[in-house]
Amino acid sequence: MRRVQVTQFVFLGLTDNWVQEILFFMAFSAMYVLTLWGNILIMVTIVFTPCLSTPMYFFLSNLSFIDICHSSVTVPKMLEGLLFDRKTISCIAQLFFLHLFACAEILLLTIMAYDRYVAICAPLHYPNVNMRVCVQLVFVLWLVGTVHSLVQTFLTIRLPYCGPNVIDSYFCNVPPVIKLACTDTCLTGIPIVSNRGTISLSCFLALVASYTIILFSLRKQSAEGRRKALSTCLAHFMVVSLFFGPFSTDKLVSVFYTVVTPLLNPFIDTLRNEEIKSAMKLTHVFVGISTLILLIVE
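Residues numbered from 1 in each chain as written. Predicted model: local features only at pLDDT ≥ 70, side-chain atom pairs only at ≥ 80, totals over all residues. Heavy atoms only, no water.

- The protein carries the name Olfactory receptor in an unreviewed UniProt entry, which gives Phocoena sinus as its organism.
- One UniProt comment on the protein, placed under Function (unreviewed entry), says "Putative odorant or sperm cell receptor."
- Taken from UniProt, the Sequence similarities (unreviewed entry) comment for the protein reads in full: "Belongs to the G-protein coupled receptor 1 family." (UniProt positions renumbered as here; feature names shortened; annotations may be inferred.)

Below is the structure:
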């Protein structure tokens, strides 16, 4: 008998209790709106503030863009499932973009750590950093992210799916999807894990090396210099800690990485940064005046 290839998958979602679904929908909708608002505000502030045209803020604006994209890959579909009980998906597009933005973020965090290393350990050279090099680094991270995502997606979708199609999650990820394949996935799992592990381990070691060198270099600086350097690095270190925290396939932990972390990043990056907070105040005034003018014109 000919097997039928499964093309649609069904999510179990977070819960099957309609009261909890409504509460989750309200909470995650608010968090998603705040994620969009906070990250867009950071991007607009950096783009339209000349004094923030440095590599650090350039990379920060890119991090905000990635956080918006990363959250938008999973949250809208999750909200649709909570409100309308539509929990079917073909998975291919979500798999691709989920791994693309996750890989882009881990690479960008590594680049930002190196940026902090140059700023603290070689402050005389930092003003001479060419922004063209920064743009090239961002281009490379998107290129590497695309290749990584293509590998993960291709190895996953090439497997035959002809049996169960229910995923115990609220989004498509490689581990729960390949469990549904109606064939032995050991040989496929090896390159999938190797591809993901190589990037994660390389970036993690680079981050550890950068911060180790930074901490050792602070011993030679004055108390005021150490305070400024630690204040600059603390926000980035907190973001890195959130991203490289204990990994689990548990749905609640997945919610933390896909919903909460993109929301926390803009607040962590701005709360200890006086320059960007001052620039944001001016951005609020500019946006308010622009909105008022549009209302008057209309």
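**A look at the sheet that holds strand β2 (residues 88-89)**
And step 1. The mixed open sheet is built from three strands, whose spatial order is β2-β1-β3. Both outer strands of the open sheet, β2 and β3 (166-167), are each paired with one neighbouring strand and no more. (Pairing = 2+ DSSP bridges. Helix = DSSP H or I, 4+ residues; strand = E, 2+ residues; numbered from the N terminus.)

**Comments concerning the nonpolar core**
And step 1. Membership of the largest hydrophobic core comes to 47 residues, with the highest contact counts inside it found for Phe 28, Phe 59 and Met 78.
And step 2. Sorting elements by how many residues they give to this core places helix α3 (residues 92-121) first, with 14 residues.
And step 3. If we skip the residues at most four places from it in the chain, Phe 59 touches Leu 108, Ile 111, Met 112, Asp 115, Cys 134, Leu 137 and Val 138.
And step 4. Formed by 16 residues, the second largest nonpolar core is a distinct cluster that contains Phe 11, Val 174, Ile 178 and Leu 180. (Core = buried A, V, L, I, M, F, W, Y, C linked by side-chain atoms within 4.5 Å. Buried < 20%, exposed > 50% of the residue type's maximum accessible area, 1.4 Å probe, protein only. Contact = heavy atoms within 4.5 Å.)

**Notes on the state of the cysteines**
And step 1. With the rule as written, the count across this model stands at one disulfide.
And step 2. Across a sulfur-sulfur distance of 1.7 Å, Cys 91 and Cys 172 are joined as a disulfide pair. Between Cys 91 and Cys 172 the disulfide shows an S-S torsion of about -70°. By sign, it is left-handed. Of the two residues, Cys 91 sits in the loop between β2 and α3 while Cys 172 sits in the loop between β3 and α5 (174-178), which places them 81 residues apart along the sequence.
And step 3. Using a relative accessible area of 3% as the deciding quantity, one classes Cys 91 as buried.
And step 4. By relative accessible area, Cys 172 is classed as buried at 0%.
And step 5. Residue Cys 103 stays outside any disulfide, its sulfur separated by 7.0 Å from that of Cys 203, the closest cysteine.
And step 6. The class for Cys 103 is buried, based on a relative accessible area of 3%. (Disulfide = S-S within 2.5 Å.)

**Some thoughts on a nonpolar patch on the surface**
And step 1. Taken together, the side chains of Trp 18, Val 19, Ile 22, Leu 23, Met 26, Leu 83 and Phe 84 make up a nonpolar region of the molecular surface, amounting to roughly 740 Å² of accessible area.
And step 2. Top element by residues in the nonpolar patch is helix α1 (residues 18-47). It accounts for five residues.
And step 3. In this structure, Met 26 sits in helix α1. (Patch = residues over 30% accessible without salt bridge, like charges linked within 9 Å, V, L, I, M, F, W, Y side chains within 5 Å. Areas by Shrake-Rupley, 256 points an atom, 1.4 Å probe, with all protein chains shown as cover. Salt bridge = Lys/Arg side-chain N within 4 Å of Asp/Glu carboxyl O.)

**Brief notes about the pattern of salt bridges**
And step 1. Per the stated rule, a full pass over the model turns up two salt bridges.
And step 2. Of the charged contacts in the structure, one is a salt bridge between Asp 115 and Arg 116, with a shortest N-O distance of 2.8 Å. When sorted by exposure, Asp 115 lands in the same class as Arg 116, which is buried.

**What to know about the UniProt feature "transmembrane region" (unreviewed entry) in the protein**
And step 1. UniProt's feature table lists "transmembrane region" (unreviewed entry) at residues 22-49, 95-114, 134-155, 199-218 and 278-297, given in the numbering used throughout.
And step 2. Segment residues 95-114 splits into 100% helix and 0% strand. End C-alpha atoms: 29 Å apart.
And step 3. Measuring from the first to the last C-alpha atom of residues 199-218 gives 29 Å, for a span that is 95% helix and 0% strand.

**Description of the confidence of the model for the protein**
And step 1. In the predicted model, the protein carries a mean pLDDT of 77, and the fraction of residues at 70 or more is 76%.
And step 2. When the criterion is pLDDT under 50, residues 285-298 qualifies, and its contacts beyond four places in sequence or with other chains add up to zero contacts. (pLDDT = per-residue confidence, 0-100.)

**Looking at helix α4 (residues 131-157)**
Residues spaced three or four apart along an α-helix face the same direction, because each turn holds 3.6 residues.
And step 1. The end-to-end C-alpha distance of α4, which contains 27 residues, comes to 39 Å, matching closely the 39 Å that a straight helix rising 1.5 Å per residue would cover.
And step 2. At its buried positions, α4 is contacted by α2 (55-84), α3, α5 and α6 (186-217).
And step 3. Measuring from the side-chain oxygen of the N-cap residue of α4 to the backbone nitrogen of Arg 132 gives 2.8 Å; that N-cap residue is Asn 130. (Expected span 1.5 Å × (residues − 1). Polar contact = N/O pair within 3.5 Å; in protein donor to acceptor, adjacent residues only side chain to side chain.)

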